[in-house]
Structures are given as C-alpha cells and as structure tokens.
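Below, each chain spelled out in residue letters.
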Amino acid sequence: MTIKVAVAGATGYAGGEALRLLLGHPEVEIGALTAGASAGTLLISHHPHLAPLADRTVVETTAENLAGHDVVFLALPHGTSAAIAAQLGPGVLVVDAGADHRLIDPDQWVKYYGSEHAGTWPYGMPELPGQREVLATTKRIAVPGCYPTSVTLALLPALISGLVTGADVVAVAASGASGAGKSLKANLLGAELMGSVSAYGVGGVHRHVPEMLQNFTKLGAKAPTISFTPMLVPMSRGILATVTAPLAAPTTVEQARAAYLQAYAGEPFVTVLPEGIWPQTKSVAGSNAVQVQVTIDEAAGRLIAVAAIDNLTKGTAGGAIQSMNLALGLPETLGLTSTGVAP
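Every chain begins its residue count from 1, and numbering advances along the sequence as written. The predicted origin of the model limits local features to residues at a pLDDT of at least 70 and limits the giving and counting of side-chain atom pairs to 80 or more, whereas totals for whole chains, interfaces and linings rest on all residues. Note that water and hydrogens are dropped before the side-chain values are worked out from all heavy atoms of the structure.

Engineer: Describe the environment of Ser287, with residues and values.
Structural biologist: Secondary structure elements follow DSSP: runs of H or I of four or more residues count as helices, runs of E of two or more count as strands, with numbering from the N terminus. Position of Ser287 among the secondary structure elements: in the loop between β11 (270-272) and β12 (290-297). Summary of the burial criterion: residues with accessible area below 20% of their type's maximum are buried, those above 50% are exposed, and those between are partly exposed, where the area comes from a 1.4 Å probe applied to protein chains only. Since its relative accessible area comes to 0%, Ser287 is described here as buried. Any two residues whose heavy atoms approach within 4.5 Å at even a single point are treated as in contact. Ignoring any residue separated from it by four or fewer positions in sequence, one finds Ser287 in contact with Asp310, Thr313, Lys314, Thr337, Ser338, Thr339 and Gly340. In protein, a polar contact means a hydrogen-donor-capable atom and an acceptor-capable atom, both N or O and within 3.5 Å, with residues adjacent in sequence counting only if both atoms are side-chain atoms; elsewhere, any N or O pair within 3.5 Å suffices. A polar atom in the side chain of Ser287 sits 2.8 Å from the backbone oxygen of Val284. For Ser287, the side chain forms a polar contact with the main-chain nitrogen of Ala289, separated by 3.1 Å.

This is the structure we're talking about:
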C-alpha cells in the first residue's frame with residue numbers, strides 16, 4: 001500500500017515537520033509540495049535538514065496542484081485552509097493543521113478569529129474518549145492546536161474521573177518560538193528572544209482558549225472556565241504546560257496518580273512519569289510523545305498536572321500523522337516515535 005501525500009504550506013515550520021515525519025513513514029510517497037510566496041523555490045532553501053527532498057521545487061498552492069493525491073496536509077495560516085479544502089474531492093483525506101475547522105461554535109470562531117466560520121471537522125486527538133472510532137471513518141480531520149494538545153492531555157484523566165469539574169482551571173504554558181511560525185516579528189528576533197521569557201495573549205484573549213474549553217466539555221465538564229497564559233521562551237521547539245484546578249473532593253496524590261495511570265494505560269504516546277520525576281521539553285523533542293505528571297497541592301485544594309510535548313510534532317504534524325494513520329486503517333504509531341532527542 002503506497003499512499004501519495006501532498007503538503008500545502010511545505011516551507012513553513014509545520015509543513016517542514018510533516019515532511020520530516022512523512023519521509024520516515026513506510027507507506028507514504030511524498031507528492032506535491034506547495035506554498036504561497038515561496039512557490040518556485042527549492043525546498044532545500046527553506047528546510048536544509050530535509051536532504052532527501054533537496055531537488056524538489058515548491059509549486060503554488062492550488063487545487064490543481066493538490067489533485068491526484070490520497071492525502072493532502074494543509075499547513076496554512078488560519079482562514080486559508082477552508083477555500084482550498086472545499087475544492088478537493090470527497091475521496092481525498094484532507095488533514096488541516098490550521099485552525100479553520102477545529103471549533104464547533106461559530107460565534108466563538110468569529111469572536112477569536114474575526115472571519116466567517118468554515119464548519120467543523122472531526123478532531124484529531126485520538127486520546128479523547130471515543131475519538132479513534134470517529135477518526136477511523138472520516139475523510140476530513142482538524143488537527144488540534146499545540147497549546148490545547150498539551151493542556152487537554154494534562155487534565156484529561158482528572159476530568160473523566162471526576163477529580164475536578166473543569167471550573168476555575170488555570171494554565172500557564174511555555175512554548176518555543178517555532179509556535180509562532182516563520183513570520184518576521186520583532187519579538188522573535190534572536191536579540192529579543194535570547195535570555196528572556198515573556199508572556200503574551202494574556203487575559204483570555206489567546207485564540208486557543210475556546211478550543212480548550214470545547215475539549216473540557218467533551219470530557220464531561222458542565223461549565224468549564226480557564227485562565228490561560230502562554231509564554232514565549234528562548235528555545236526553538238517544545239511546550240511545557242502547568243495546569244491546575246480545584247479538587248471536587250479531598251484527594252490524595254496516590255488517588256490522583258491512579259486515575260492518570262488508568263486513563264493512559266495502553267496509550268502509545270502518553271507516559272505518566274514515576275512519582276518525583278517531572279516532564280521536560282528536551283525529553284520529547286522531535287517525538288510524538290507526551291510526558292505527564294500529577295500531584296495534589298493540599299493547602300490550596302488543587303490538582304496540579306504538568307505536560308510536555310514537542311509543539312511541532314505531537315502538537316501539530318505528529319498528531320496529524322497519528323490521526324491520518326487511523327483514518328487510513330493503518331497502525332496508529334506508523335512513522336512516529338515516542339523517543340525524544342536529548343540533551
């Protein structure tokens with residue numbers, strides 16, 4: 001079985017990560033590589049690490065150039081995926097790594113993104129209860145955002161077991177600069193970024209907030225709330241999310257750990273670390289792995305969960321390929337690794 005895959009937005013970070021992983025997928029043949037302003041250039045000028053694709057020319061992102069493929073990855077800015085996807089046939093598996101099809105509520109889309117809602121596709125987070133069955137029968141996949149991936153997987157066991165209700169969740173997540181994409185921005189210049197940590201999107205305005213709340217609701221929360229603060233830290237990739245929530249009832253650390261171990265038993269990419277060992281981004285770099293740790297702050301009456309992911313892999317391209325595998329009836333882990341690169 002050979003699967004022909006096209007990648008739109010191939011010159012960006014998400015597109016490049018998708019190509020890196022697809023090069024190691026035993027069932028995949030890489031087809032068209034497309035972009036906007038970069039069309040006509042060699043891919044190697046954007047991704048020198050992708051040596052096997054050194055002679056490939058990037059072409060314009062059009063429905064015509066994406067036609068004839070079994071799978072199309074859309075690694076495009078929000079608001080641009082829907083128009084291309086609408087021109088691709090129903091038999092093509094379209095995997096949207098952008099935000100266009102993640103949200104269910106059109107009003108939330110308009111509030112946070114400011115454009116017309118394009119509709120909702122099945123959500124590419126296999127770890128959500130029942131989601132593997134949904135992904136196995138779809139030709140359209142909305143890849144989760146990187147922050148919602150880390151925050152949701154940090155809190156999932158606590159929500160489904162009733163340890164917390166989803167109200168008054170506080171999340172602080174530190175991300176590497178690749179999460180902002182390749183756009184030229186002053187705060188991403190080396191002189192500004194090196195040796196500094198800064199907060200942004202403070203006060204509930206970050207676009208991933210409604211996606212997190214949507215996931216909490218799927219996990220059983222009745223009226224979830226979250227105060228989310230993202231931080232930019234001087235590293236290229238990775239997210240470390242610290243998530244806290246008030247306990248629904250008195251809970252011991254042992255009970256919390258038991259709930260997490262039970263929820264993630266058998267999950268191929270999620271590891272609940274031994275007690276006393278905390279997640280770190282370097283341990284998951286370049287992998288589809290998720291490291292999770294949980295404890296209880298007895299004095300505050302809150303559960304504390306920490307999760308580490310690679311924002312470009314599990315947070316974007318790896319989660320996309322994991323979901324693609326399920327949609328194609330392939331082993332979920334094909335072409336992916338849970339082994340990070342350290343130091």
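Engineer: Describe the pairing of strand β7 (residues 169-175), and please don't skip the residues or the numbers.
Structural biologist: Burial analysis of β7 places 5 of its 7 residues in the buried class, which makes it a mostly covered element. Criterion used throughout: strands pair if DSSP finds at least two bridges between them. Bridge analysis of β7 against strand β9 (residues 226-232) gives 7 bridges, and the strand direction is parallel. When the sheet's bridge partners are listed, Val170 is paired in β9 with Ser227.

Engineer: Tell me what's going on with the side chain of Glu332, and back it up with residues and numbers.
Structural biologist: Here Glu332 is to be found in the segment after α10 (313-327). Here the side chain of Glu332 touches Arg132 through a polar contact of 2.8 Å, side chain to side chain. Polar side-chain contacts of Glu332 include one of 2.7 Å to the side chain of Gln322. In contact with Glu332, other than residues within four places in its own chain, are Pro126, Arg132, Pro268, Phe269, Gln322, Asn325 and Leu326.

Engineer: Explain the packing of helix α1 (residues 13-22) against α10 to me, using residue names and the numbers behind them.
Structural biologist: For the pair α1 and α10, interaxial distance at closest approach is 9 Å and the crossing angle is 50°. In terms of orientation, α1 and α10 fall into the oblique class. As for how α1 packs across α10, the hand of that crossing is right-handed. In contact with Ala14, Glu17, Ala18, Arg20, Leu21 and Leu22 of α1, α10 contributes Thr313, Thr316, Ala317, Gly318 and Ile321. Partitioned by chemical class, the residues of the contact of α1 with α10 number 6 nonpolar, 3 polar and 2 charged. Interaxial angle, 0 to 180 degrees, is taken between N-to-C directions of lines fitted to C-alpha atoms, where a helix line uses only the stretch in contact. Any angle from 65 to 115 degrees is called roughly perpendicular, while one under 35 is roughly parallel, one over 145 is roughly antiparallel, and all others are oblique. Each crossing gets its handedness from the near helix: less than a right angle anticlockwise from the far helix is left-handed, clockwise is right-handed. The nonpolar class holds Ala, Val, Leu, Ile, Met, Phe, Trp, Tyr, Cys and Pro. Asp, Glu, Lys and Arg form the charged class, and all remaining residues, Gly among them, are polar.

Engineer: Go over helix α6 (residues 146-160), please, and point to the residues and values.
Structural biologist: Expected span of a helix: the number of residues minus one, times 1.5 Å. In this model α6 runs 21 Å from its N-terminal to its C-terminal C-alpha over 15 residues, within 8% of the 21 Å that 1.5 Å per residue would give. Of all 15 residues in α6, 14 are buried; the element is thus mostly enclosed.

Engineer: Explain the sheet that holds strand β3 (residues 59-60) residue by residue, including any values.
Structural biologist: The 6 strands lie next to each other as β3-β2-β1-β4-β5-β6, forming an open sheet whose pairing is parallel. Every interior strand has two partners, whereas the edge strands, β3 and β6 (140-142), have only one. Bridge count between strand β5 (residues 93-96) and β6: 3 bridges; the pairing is parallel. For Val95, the partnering residue across the bridge sits in β6 and is Ile141. Where α10 meets the sheet, it contacts β2 (28-35), β4 (71-74), β5 and β6, and its direction lies at approximately 155° from that of β4.

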